[in-house]
Amino acid sequence: MPAPDIFLDDTIVAAATGPGAGAIALIRLSGPEAFPILGRLLTTQPRWRHGRARHLLVEGLDDFLVTPWFAPRSYTGEDTVEISCHGNPLIVERFLSRLKDAGARPAGPGEFTYRAVRHGKMTVTEAERIAHRLRARLPWELELVETGPDAGLAFSRLLTQVHLAQADLESAIEFQEGDGPDWEPLAMEIRRIAAQARLQDHWARLPRVLLLGAVNTGKSTLFNRIAGYERAIVSDQPGTTRDWLEAEIRHDGLPFLLIDSAGLRPGAAGLRPGAAGLRPGADPMAPVEGPEAEGIRHTLDLARDADVLVAFSPAPGTAADPRAIAVQGKADDGSPRGELLPVSGRTGAGVQTLLDRIVDEIRAQRSTDRPQWWFSARLAELALALEAGFGRVQGEVLPEVRALHLKALALRLEEALEVPPADLYEMIFSRFCIGK
Ligand SMILES: Nc1nc2c(ncn2[C@@H]2O[C@H](COP(=O)(O)OP(=O)(O)OP(=O)(O)O)[C@@H](O)[C@H]2O)c(=O)[nH]1
Ligand SMILES: [Mg+2]
């Protein structure tokens, strides 16, 4: 889209509510022409009073509520009109098209918030918090966005350290004496910040729960039961599932990804011969190759990366794994075995208990290593870029070239801490959703 600065003086319009149907939808119109544009849709002109909603009825449009906000006392700092109409997307579309015909321009992503920043209503960091707040999916992620200290503080401290190192290095070069700066504290700080950014990334990702175990133990049947529809193919042939499948599940207010995977085979994954779960008559040592072996490789990769393993007995290598919940599949078809949690995809027995255990495990894991700071998407990227950039500084032996790399790093930090207005839109707001 064109640089929005050129258009800072025009009037923009967008639905602030999501695209689906709902009881109410909110349309926002912001800019110097907001009231005249709305006025072109009305037959009589009401007397607007700041913050006072008016109920209007326009033939061929809808009956709707208009709340006027006068500059500078609005979200954007401009004259703003909020229209609450019935939440049918057709009604919203009709409104938007009439407002466009009357002179409004459809807003780009994040343009309302961009204007708010340009008009001094909020800082860039506050705007970035809003962006993250809108897309946070996990309760602890939202809490971090709302209360976590800004990682920008850590970067400011780091910049001071970088400036000191630059000065040390320059004087070592100029006077040909001393060893230059002590790099280790700086390296540690950069690694610490990057580790925190990575931690946030991992900590705020949708938890991944893998159904893992020998072939034919009932994983796909359980997957379908929890997903609520026949997503995975089920059959009595061992090795039915090859590609892995995922479904987003929500239990007790917590979303997670449930993943079904190819069952493990002795030949591929070291299961003992005769292990339970293999169909009588099937050769447990049959070498696995081709697409099924590829599927099993994926399963093992997924197992390394998962937050929780639902380990269908037998699932080798999971006994001592703290992420594993050991289950006995097909529990309707056998007597309970020791410590295993009995579940049956066929009857649904034990499924609620399993889901409770899964979300308890996820909550327990994520409550222990809460990140120390909140990183905006931009600062998280910066943290990783600095780590790589510092690697270049350290990898260089010539002090003059080191100084150049260090200068580039300092510049990058300075720019990030004080984003020039010209780059503001591309760097931050283009990642927002439309209407915010
Ligand atoms: N009695 C009983 N049979 C089940 C249950 N779950 C699955 N089965 C049967 O066991 C066989 C294998 O089921 P799947 O769900 O495909 O097993 P899987 O673990 O996904 O198998 P692979 O994809 O080959 O690894 C099918 O014949 C199912 O009907 C269960 O809870 N109870
Ligand atoms: Mg399967």
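Our subject is the structure that appears above.
I will try to describe carefully the structure that is included in this document. None of these values were measured; they are calculated from a predicted model.

Axis separation between helix α4 (residues 124–135) and helix α5 (residues 139–147) bottoms out at 9 Å; the angle between their running directions is 170 degrees. Overall, the two elements α4 and α5 adopt an arrangement that is roughly antiparallel. Of the two possible hands of crossing, α4 and α5 adopt the one that is left-handed. Residues R129, H132 and R133 of α4 pack against L142, V145 and E146 of α5. Residues that form the contact of α4 with α5 fall into these classes: 2 nonpolar, 1 polar and 3 charged.

Quick look at the sheet that holds strand β6 (residues 105–106) now. What links the strands of a sheet is backbone hydrogen bonding, and the strands pair in either a parallel or an antiparallel sense. Read across the sheet, 6 strands follow the order β3-β4-β5-β2-β1-β6 without closing on themselves; strand pairing throughout is mixed. Every interior strand has two partners, whereas the edge strands, β3 (54–58) and β6, have only one. Two strands pair when backbone bridges link them, and strand β1 (residues 12–15) and strand β2 (residues 24–30) are joined in this way by 4 bridges, in the antiparallel orientation. Each bridged residue has a counterpart across the sheet, and for V13 the counterpart in β2 is L29.

This next bit is on the pairing of strand β4 (residues 62–69). Judged from the 5 bridges that link them, β3 and β4 form a sheet pairing that is antiparallel. For L56, the partnering residue across the bridge sits in β4 and is F64. Counted along the chain from β3 to the antiparallel partner β4, the turn is 3 residues long, and its residue G60 has a positive phi close to 80 degrees. Pairing between β4 and strand β5 (residues 80–86): 5 bridges, direction antiparallel. From the neighbouring strand, L65 faces β5, where its bridge partner is S84.

With that settled, consider helix α3 (residues 111–118). Taking burial as the measure, the 8 residues of α3 include 7 buried ones, the bulk of the element. Every buried residue of α3 is accounted for by E111, F112, T113, Y114, R115, A116 and V117. Immediately downstream of α3, the backbone of G120 shows phi near 75 degrees, a positive value.

Time to look at the nonpolar core. General note: in soluble globular proteins, nonpolar side chains tend to be found buried as a group. Judged by nonpolar contacts, the single largest core of 36 residues is most densely connected at V209, L210, L212, L309, V310 and A311. The set of elements that each furnish at least two residues to this core consists of β7 (208–213), α8 (219–227), β9 (254–260), α10 (290–305), β10 (308–312), β11 (324–328) and α11 (351–368). Ranked by residues supplied to this core, first place goes to β10 with 5 residues. Grouped together as the second largest cluster of nonpolar side chains are 29 residues, A34, F64, V66 and A107 included.

Quick notes on the rules
- Residues numbered from 1 in each chain as written.
- Chains lettered and ligands numbered in written order.
- Predicted model: local features only at pLDDT ≥ 70, side-chain atom pairs only at ≥ 80, totals over all residues.
- Axes fitted to C-alpha atoms, helices over the stretch in contact; angles between N-to-C directions.
- Helix = DSSP H or I, 4+ residues; strand = E, 2+ residues; numbered from the N terminus.
- Parallel < 35°, antiparallel > 145°, perpendicular 65-115°, else oblique.
- Left-handed = near helix turned anticlockwise from the far one by under 90°.
- Contact = placed C-beta atoms within 7 Å.
- Nonpolar A, V, L, I, M, F, W, Y, C, P; charged D, E, K, R; others polar.
- Pairing = 2+ DSSP bridges.
- Buried ≥ 20, exposed ≤ 12 C-beta atoms within 10 Å, placed from the backbone.
- Core = buried A, V, L, I, M, F, W, Y, C linked by C-beta atoms within 7 Å.

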